[in-house]
Amino acid sequence: MVHYGHSNQLRQARAMGDYLIVGVHTDEEIAKHKGPPVFTQEERYKMVQAIKWVDEIAPGAPYVTTLETLDKYSCDFCVHGDDITLTIDGKDTYEEVKTAGRYRECKRTQGVSTTDLVGRMLLMTKAHHSNIGPKGHSPWTGVSQFLQTSQKIIQFASGKEPQPGDTIIYVAGAFDLFHVGHVDFLEKVHQLAEKPYIIAGLHFDQEVNRYKGKNYPIMNIHERTLSVLACRYVSEVVIGAPYAVTADLLDHFRVTLVCHGMTEVVPDKDGSDPYEEPKRRGIFQLVDSGSNLTTDLIVQRIIKNRLEFEARNQKKEAKELAVLEAMRRLEQEKH
């Protein structure tokens, strides 16, 4: 997965130098070291390239970063999170570059990890037969350990205001578990204008839960805010946008165009079309991202992958235990 924790590491890395190249492994390389990836290399290349602090990606990067790799891309040093990674034979993956003094470290983002997110999804499939409490509160409110601060929002925000001549485009949604389908959509929207200024309106958790049901959203509003801000195509985020795109909102942001993807538009609480006003003004446009990926499909993919991964690990463990047991018996028979 690619999540806002990774984006935050890339943001820190970019701040340590002038040009950030991100090495992304092939599916084959990941399968060899970690088990089968959930996203294909093409999807992962696209996701990483869409993060605004990334200047360039190095596709097919080797699992172990060597001095040769750094020299190949004329890099002064490499950056990694402050968690240790070991090779198959238990050596520090970054030993060589550390010794050469060409290694820097960035901090992990508290409150998020792939494991944590997968845990939330697994919880969702087990418990989704509506454990949604009164008033439709998202059951996630208590799950995420992420603490939002104004500092973090400032670090992620572009701080750019719309300039004269900009086309101000408004898009709205949950943007839950920000994924390659969202990137495809935003990229298409970005291509609609010469100088696009895209504002993403994010709905509050309770609203998302009303139209998505189950245990959605998986990421709370704070996490979704950072995820969308990290995308290079987005200039501004409305944190808790109204579900109906009102005249007030359109006038306030001086919106030229309102776009929506090919996903279903659920009517507002009173049964009305949330896009009624932009349609009346003739500024509404459907945009086909060319991608059929939805958050639902992503969740299914991740869960299927994780369950297969766990089953394989249990098999492997059982095999190892059987070998140990056989060896122990041989020892006993000898004595």
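Just so you know, these numbers come straight off a predicted model, no measurement behind them.

Here is what the cut-offs are and how they apply
- Residues numbered from 1 in each chain as written.
- Predicted model: local features only at pLDDT ≥ 70, side-chain atom pairs only at ≥ 80, totals over all residues.
- Heavy atoms only, no water.
- Helix = DSSP H or I, 4+ residues; strand = E, 2+ residues; numbered from the N terminus.
- Buried < 20%, exposed > 50% of the residue type's maximum accessible area, 1.4 Å probe, protein only.
- Contact = heavy atoms within 4.5 Å.
- Areas by Shrake-Rupley, 256 points an atom, 1.4 Å probe, with all protein chains shown as cover.
- Lys, Arg positive; Asp, Glu negative; His and termini not counted.
- Charge placed at Lys NZ, Arg CZ, Asp CG, Glu CD.
- Pairing = 2+ DSSP bridges.
- Axes fitted to C-alpha atoms, helices over the stretch in contact; angles between N-to-C directions.
- Parallel < 35°, antiparallel > 145°, perpendicular 65-115°, else oblique.
- Left-handed = near helix turned anticlockwise from the far one by under 90°.
- Nonpolar A, V, L, I, M, F, W, Y, C, P; charged D, E, K, R; others polar.
- Salt bridge = Lys/Arg side-chain N within 4 Å of Asp/Glu carboxyl O.
- Polar contact = N/O pair within 3.5 Å; in protein donor to acceptor, adjacent residues only side chain to side chain.
- Phe/Tyr/Trp six-rings, centres within 6.5 Å; stacked < 30°, edge-to-face > 60°.
- UniProt positions renumbered as here; feature names shortened; annotations may be inferred.
- Core = buried A, V, L, I, M, F, W, Y, C linked by side-chain atoms within 4.5 Å.

**Notes on the overall build of the protein chain**
- Broken down by element type, the protein chain carries 13 helices and nine strands.
- By the burial criterion, 43% of the 335 residues in the protein chain qualify as buried.
- For the protein chain, contacts bridging at least 24 residues in sequence account for 77% of all contacts bridging at least 6.
- For the protein chain, the exposed surface amounts to about 18000 Å²; the carbon and sulfur share of it is 53%.
- Between the centroid of the 41 positive side chains of the protein chain and the centroid of its 46 negative side chains there is a distance of 2 Å.

**Concerning the environment of Ser289**
- Position of Ser289 relative to the elements: it lies in the loop between β9 (284–286) and α13 (295–334).
- Residues Ser289 and Asp184, 105 residues apart in the sequence, show an inter-C-alpha distance of 5.4 Å.
- Not counting residues up to four positions away in its chain, the partners in contact with Ser289 are Gly181, Asp184, Phe185 and Lys188.

**Description of the sheet that holds β9**
- Strand order in the open sheet formed by five strands is β7-β6-β5-β8-β9, and the pairing between neighbours is parallel. Of all the strands in the sheet, the pair left with one neighbour each is β7 (236–239) and β9. For this sheet the average axis-to-axis angle between neighbouring strands, irrespective of direction, equals 25°.
- Sheet topology note: the strand β8 (residues 257–260)/β9 ladder contains three bridges and is parallel.

**So, the packing of helix α3 (residues 41–49) against helix α8 (residues 180–190)**
- As a packed pair, α3 and α8 sit with axes 9 Å apart at the nearest point and diverge in direction by 55°. Of the possible angle classes, the one that applies to α3 and α8 is oblique. Pair α3 / α8 crosses with left-handed handedness. Only Val180, Val183, Asp184 and Glu187 of α8 make contact with α3, whose side of the interface consists of Glu43, Lys46 and Met47.
- Residue composition of the contact of α3 with α8, by class: three nonpolar, no polar and four charged.

**Considerations on the pattern of salt bridges**
- Summed over all chains, the structure comprises 24 salt bridges.
- Salt-bridge contacts for Arg102 lead to Asp71; the nearest nitrogen and oxygen are separated by 3.0 Å. Remark: Asp71 occurs in helix α4 (residues 67–72) and Arg102 occurs in the loop between α5 (95–99) and β4 (103–106); sequence separation between them is 31 residues.
- The class of Asp71 is partly exposed, set by a relative accessible area of 48%.
- Several salt bridges share partner residues, and in doing so they unite Glu207, Arg210, Asp268 and Lys269 into one network.

**What about the environment of Glu56?**
- Among the structural elements, Glu56 can be located in strand β2 (residues 56–59).
- Judged by its relative accessible area of 29%, Glu56 is partly exposed.
- Each C-alpha atom, one on Glu56 and one on Gly23, is 8.8 Å from the other, the two residues being 33 residues apart in sequence.
- Apart from the residues within four sequence positions on either side, Glu56 is in contact with Tyr19, Leu20, Ile21, Val22 and Gln49.
- Within the local environment of Glu56, its side chain forms a polar contact with the side chain of Tyr19, the two groups lying 2.7 Å apart.

**Focus: the packing of aromatic side chains**
- Applying the stated criterion across every chain, the model contains six aromatic pairs.
- The interplanar angle of 35° and the centroid separation of 5.2 Å between the aromatic rings of Tyr211 and Tyr243 together place this pair among those described as tilted. In this pair, Tyr211 is assigned in helix α9 (residues 205–212) and Tyr243 in the loop between β7 and α11 (247–252), connecting sequence segments 32 residues apart.
- Pairing Tyr275 with Phe284 gives two aromatic rings, centres 4.8 Å apart and planes at 40°, and the pair type is tilted.
- The class of Tyr275 is buried, set by a relative accessible area of 5%.

**What about the UniProt feature "domain: Cytidyltransferase-like" (unreviewed entry) in the protein chain?**
- The positions UniProt marks with the feature "domain: Cytidyltransferase-like" (unreviewed entry) are residues 1–118 and 171–261.
- Taken end to end, residues 1–118 is 37% helix and 14% strand, and its two terminal C-alpha atoms sit 10 Å from one another.
- Annotated as residues 171–261, this span is 37% helix and 20% strand, and its ends, taken at the C-alpha atoms, are 9 Å apart.

**A look at the nonpolar core**
- Membership of the largest hydrophobic core comes to 63 residues, with the highest contact counts inside it found for Val171 and Leu186.
- Apart from residues lying up to four places away in sequence, Leu186 is in contact with Val171, Phe175, Phe178, Ile198, Cys231, Tyr233 and Val234.
- Residues Ala172, Tyr197, Leu249 and Val258 belong to the second largest nonpolar core, which totals 14 residues.

**Thoughts on the side chain of Gln12**
- Tracing the chain through its elements places Gln12 in helix α1 (residues 4–15).
- In contact with Gln12, not counting residues within four places along its chain, are Cys106 and Lys107.

**Describing the UniProt feature "coiled-coil region" (unreviewed entry) in the protein chain**
- Within this numbering scheme, the UniProt entry marks residues 304–333 as carrying the feature "coiled-coil region" (unreviewed entry).
- The distance separating the terminal C-alpha atoms of residues 304–333 is 44 Å; by composition the span is 100% helix and 0% strand.

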